[in-house]
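Next come the chains, spelled out residue by residue.
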Amino acid sequence: AQSVTQPDIHITVSEGASLELRCNYSYGATPYLFWYVQSPGQGLQLLLKYFSGDTLVQGIKGFEAEFKRSQSSFNLRKPSVHWSDAAEYFCAVSDSGYSTLTFGKGTMLLVSP
Amino acid sequence: EAGVAQSPRYKIIEKRQSVAFWCNPISGHATLYWYQQILGQGPKLLIQFQNNGVVDDSQLPKDRFSAERLKGVDSTLKIQPAKLEDSAVYLCASSLDMRDEQYFGPGTRLTVT
């Protein structure tokens, strides 16, 4: 069965600093990988996805993620964090595109002034 | 384009009572999902509909949870009787078809006392 581990429950970053959120997955074949963001009282919004091809994928709001098969990782990065990025971030894996998503437990991002 | 609508946004009930949640997906979306998100965890799929048929309900606790999508549009999720451990946010999502991007509603926060 597929699974996702997000080792950091909370992360605090200063505004303007760089950000990296970690995600490790467990899946036998090539997975479909996703990052979602959830702001308070809001549903999940898709930031970016990896299906195949270039292992560095660009998303919305200036986010990017890199798929590393050898490390079973799909870490999310942003070069300069804005206060509006404070939210909870979820990594997800699927074996069939957008369907059948398995989510990690999430990482809460706090942005300090 | 209107997003996924859910109501109510908040609900507080006592254990052993029943409760129902309503979801109106994006117009034209054939696939509808219900997720349960317990505090501190990622969303977990409860049930997936394709039009008015069930595709996957393997993680739905069928002794107390039920869901329907009678006309292939709106959907209701019911819990009867509720337990303390059912306290969670219930998210509805829809997609154009089964392998398309899922769009999430804002969720219904259920508190069982």
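Above this text sits the structure in question.
Residues numbered from 1 in each chain as written. Chains lettered and ligands numbered in written order. Predicted model: local features only at pLDDT ≥ 70, side-chain atom pairs only at ≥ 80, totals over all residues. Heavy atoms only, no water.

Engineer: I'd like to hear about the pattern of salt bridges, residue by residue, with values.
Structural biologist: All names here are of chain A. On inspection of all chains with the given rule, the structure shows 6 salt bridges over all chains. Close ionic contact of R77 with E66 constitutes a salt bridge, the shortest N to O distance being 3.3 Å. Pair noted here: R77 is in strand 9 (residues 73-78) and E66 is in strand 8 (residues 64-68), with a separation of 11 residues, a long-range link. For D85, the salt bridge is made with K78, and the minimal N-O distance between the two is 2.8 Å. Assessed through its relative accessible area of 4%, D85 is described here as buried. Shared partners join several salt bridges into a network, and the residues in it are E64, E66 and R77. (Salt bridge = Lys/Arg side-chain N within 4 Å of Asp/Glu carboxyl O. Helix = DSSP H or I, 4+ residues; strand = E, 2+ residues; numbered from the N terminus. Buried < 20%, exposed > 50% of the residue type's maximum accessible area, 1.4 Å probe, protein only.)

Engineer: Could you give me a rundown of the nonpolar core, with the residues and numbers involved?
Structural biologist: In this structure, L19, W35, L47, L48, F74, L76 and Y89 of chain A are the most contacted members of the largest nonpolar core, which totals 25 residues. Elements supplying a minimum of two residues to this core: strand 2 (10-14), strand 3 (19-21), strand 5 (32-38), strand 6 (44-50), strand 8, strand 9 and strand 10 (87-94) of chain A. When residues of this core are assigned to their parent elements, the largest contribution, 4 residues, is made by strand 10 of chain A. Once you skip the residues sitting within four places of it in the chain, L76 of chain A turns out to touch L19, E20, L21, W35, L47, L48, F63, E64, A65 and Y89 of chain A. By size, the runner-up hydrophobic cluster in this structure holds 21 residues, among which are V4, L32, L77 and I79 of chain B. (Core = buried A, V, L, I, M, F, W, Y, C linked by side-chain atoms within 4.5 Å. Contact = heavy atoms within 4.5 Å.)

Engineer: Account for the pairing of strand 10 of chain A, naming residues and giving values.
Structural biologist: Residues and elements named next belong to chain A. The element strand 10 is extensively covered by neighbouring structure, given that 8 of its 8 residues are classed as buried. Taken together, the 7 bridges between strand 5 and strand 10 define a ladder with antiparallel strand orientation. For Q38, the partnering residue across the bridge sits in strand 10 and is E88. Pairing of strand 10 with strand 12 (residues 107-112), which is carried by 3 bridges, proceeds in the antiparallel orientation. The residue of strand 12 that forms the bridge with Y89 is T107. Where strand 10 and strand 11 (residues 102-103) come together, 2 bridges link them in antiparallel fashion. Across the sheet, V93 pairs through a bridge with T102, a residue of strand 11. (Pairing = 2+ DSSP bridges.)

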